[in-house]
Amino acid sequence: MTFRSEFLARLEARGFIHQLTDAQGLDDLAAREPIRAYIGFDCTAPSLHVGHLTQIMMLRHLQQSGHKPVVIMGGGTTRIGDPSGRDTSRMLLSDADIAANMASIKAVFERFLTFGDGPTDAIMINNADWLDGLEYIPFLREVGRHFSINRMLTFDSVKLRLDREQPLTFLEFNYMILQAYDFMELYRRHGVRLQMGGSDQWGNIVNGIELTRRIEGGELFGLTTPLLTTADGAKMGKTAGGAVWLNEDQLSHYDYWQFWRNTHDADVGRFLKLFTDLPLDEIARLEALGGAEINEAKKVLANAVTTLARGAEAAEAAAETARRTFEEGTAGTDLPRLTASGALPLVDALVGLGFAASKGEARRLIKQGGARVDGEKIVDEAHVLTIGNGSVKISAGKKHHGLVEPA
RNA sequence: GGAGGGGUGGCCGAGCGGUCAAUGGCAGCAGACUGUAAAUCUGCCGGGUUUUCCCUACGUUGGUUCAAAUCCAACCCCCUCCA
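Right, let's walk through the structure included here.

Calculation criteria
Residues numbered from 1 in each chain as written. Chains lettered and ligands numbered in written order. Predicted model: local features only at pLDDT ≥ 70, side-chain atom pairs only at ≥ 80, totals over all residues. Heavy atoms only, no water. Near = heavy atom within 4 Å. Polar contact = N/O pair within 3.5 Å; in protein donor to acceptor, adjacent residues only side chain to side chain. Helix = DSSP H or I, 4+ residues; strand = E, 2+ residues; numbered from the N terminus. Pairing = 2+ DSSP bridges. Contact = heavy atoms within 4.5 Å. Axes fitted to C-alpha atoms, helices over the stretch in contact; angles between N-to-C directions. Salt bridge = Lys/Arg side-chain N within 4 Å of Asp/Glu carboxyl O. Buried < 20%, exposed > 50% of the residue type's maximum accessible area, 1.4 Å probe, protein only.

**Concerning the protein's contact with RNA strand B**
So, point 1. Around RNA strand B sit 30 residues in total, of which Asn 262, Asp 265, Lys 359, Arg 364 and Lys 398 are the nearest.
So, point 2. Within 4 Å of the protein, atoms of RNA strand B come from sugar and phosphate in 68% of cases.
So, point 3. Between RNA strand B and the protein, one listed contact pairs a base oxygen with a side-chain N or O atom of Lys 398 at 2.2 Å.
So, point 4. Listing elements by their share of the surface near RNA strand B, those giving two or more residues are α12 (253-261), α15 (294-310), α16 (312-328) and α18 (359-367).

Right, here's the structure in full:
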């Protein structure tokens, strides 16, 4: 359908919309008045990763179209663990871990959203505020009676586990109830009308809408984004080294930039729309580039996305390092580095720079011709570097480059 | 509580007394070809060590044996059915 509201029109044009509970109703509402919409984030790790980026960008578009983003930190729900999309239970995190993670995650949002007290300023709320104080019996009487087990069993998050004969604890089984309760509580406390999330959250979102309608008579809306996979079907945001973290203390600016620079051809257009603010006609132009020229589009993508998450300076530095390293074959300043003095076995340098997980792997790398020192291929596993006064460039394969510098 | 089935490397999944660091698949890494892409082909893929050597590993702990992922016992956890 064609949306009248700027918000939905934008999301639609950029490929954010997968499912919508009441497209017409939400469109009318968003066209008529500023709305408050929320997305919840788990605090299971000290940083969000690029898999969360779709959600964050959606809040950004919300704010840019004149609405108010509400970021929910799952301080309470993380103590339960969301079974959605998982076939095994999460480890239970300690409260201290959760608090530390939450503090670490918060900072990222400030790069994407403007927080404050104004009408369209974003706010951040911890659902522990109301979940921690819940009393069991009163909660069951108020909320629990609106959930039928029969129906809960049909939700994907539960069904998947049951079908695969994998355990689902009662603790986890309650997650969807608490998330539904969140939505209602946000409606009560802050007048939030819309919950957004990944497609795996559909069930949880619908539950919240239903619950609020029954108890409060309020009309709420839900919107989910498509599950994001790369062109070859892999889940977004996982690389060899693990997740692609948004926090810079978890992943260097350069590596973050490189992740985007290495986007598959087929994904470039989609990613530009989802993860950057570039105008659509500009994206159409970039997307149309064929052959080797699409590399230009990838650089634009990497620059734009890195600027958002890490700042313009970080993006420029990473881009410059990449240019020097890959196009000139020299070395940029942003590369991973290692200091040493005197004699350093190449194997140790490779391990020290993080290019190999063990010495055995480093040896293997050398044996197979993947290791280079100052651009020169080394096949001697026992090669020893002599660190004098200049830095030495170490390469592992075509993509990993680093520097060993004198101490 | 009872009966049965099961817990193997990042994941899936074989093995069921030596020839097992453990078949196969996926994922991953490197090489060739390229465009820091994809596809394809080749090699590698527990750790250490200049190597037919040592460590660690098949839920946990003990035991049998010259020898155990493989047999036995106890325990822990999971699944199914019964109560």
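Moving on from the model shown.
**Considering the sheet that holds strand β6 (residues 221-225)**
So, point 1. Taken in spatial order, the six strands line up as β1-β6-β5-β2-β3-β4 in an open sheet, and their pairing is mixed. At either margin of the open sheet sits one strand with a lone partner, and together these are β1 (19-20) and β4 (123-126).
So, point 2. This element, helix α2 (residues 23-32), spans β1, β5 (194-198) and β6 of the sheet and lies at about 105° to β6.
So, point 3. Across the sheet, helix α11 (residues 202-215) is in contact with β1, β5 and β6; its angle to β6 comes to roughly 175°.

**A look at the side chain of Thr 212**
So, point 1. Looking at the secondary structure, you find Thr 212 in helix α11.
So, point 2. In terms of polar contacts, Thr 212 uses its side chain to reach the backbone carbonyl oxygen of Gly 208, at 2.7 Å.

**Quick look at the pattern of salt bridges**
Two side chains of opposite charge can pair, provided their charged atoms sit close to one another.
So, point 1. All chains considered together, the criterion is met by 20 salt bridges.
So, point 2. Residue Arg 60 pairs with Asp 277 through a salt bridge whose shortest N-O separation is 2.4 Å. Separated by 217 residues along the polypeptide, Arg 60 in helix α3 (residues 53-64) and Asp 277 in the loop between α13 (268-275) and α14 (280-287) bring together distant segments of the chain.
So, point 3. Assessed through its relative accessible area of 32%, Asp 277 is described here as partly exposed.
So, point 4. Here Lys 298 and Asp 265 are joined by a salt bridge, their closest N and O atoms 2.7 Å apart.

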